[in-house]
Amino acid sequence: MARHDEPAPINFRMNGMIARFVGIVAIALGFVIGIYGLGDTGARWLQTALGLLATGMLAQGYALYCSVKRRQELKDQPKS
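Residues numbered from 1 in each chain as written. Predicted model: local features only at pLDDT ≥ 70, side-chain atom pairs only at ≥ 80, totals over all residues. Heavy atoms only, no water.

## Points about a nonpolar patch on the surface
No. 1: Together, Met14, Met17, Ile18, Phe21, Val22, Val25 and Leu29 line one region of the surface with nonpolar side chains, adding up to about 630 Å² of accessible area.
No. 2: Tracing the backbone shows Met17 in helix H1 (residues 12-39). (Patch = residues over 30% accessible without salt bridge, like charges linked within 9 Å, V, L, I, M, F, W, Y side chains within 5 Å. Areas by Shrake-Rupley, 256 points an atom, 1.4 Å probe, with all protein chains shown as cover. Salt bridge = Lys/Arg side-chain N within 4 Å of Asp/Glu carboxyl O. Helix = DSSP H or I, 4+ residues; strand = E, 2+ residues; numbered from the N terminus.)

Below is the structure:
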């Protein structure tokens, strides 16, 4: 049984998979909305697209961080 004073271990694999999925979707939506915004001048679609692209890139960066941390975790585990 888990103790209450011990923090739960971070699941880098699941966090990385979720971040990668969110990043891909945000970047794809950013491109689609950006193309739509090019035809509609004066609207805020381009700003929204830029926000989605930035969010997608940040999510991809976090997914890369999770991959590196997971590799380090696996490498540091003692062999049994």
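## Section: the environment of Gly30
No. 1: Along the chain, Gly30 turns up in helix H1.
No. 2: The exposure class assigned to Gly30 is buried, which follows from its relative accessible area of 2%.
No. 3: Along the primary structure Gly30 and Gly42 are separated by twelve residues, whereas in three dimensions their C-alpha atoms are 17 Å apart.
No. 4: Residues in contact with Gly30, not counting those within four places in the same chain, are Ala49, Leu52 and Leu53. (Buried < 20%, exposed > 50% of the residue type's maximum accessible area, 1.4 Å probe, protein only. Contact = heavy atoms within 4.5 Å.)

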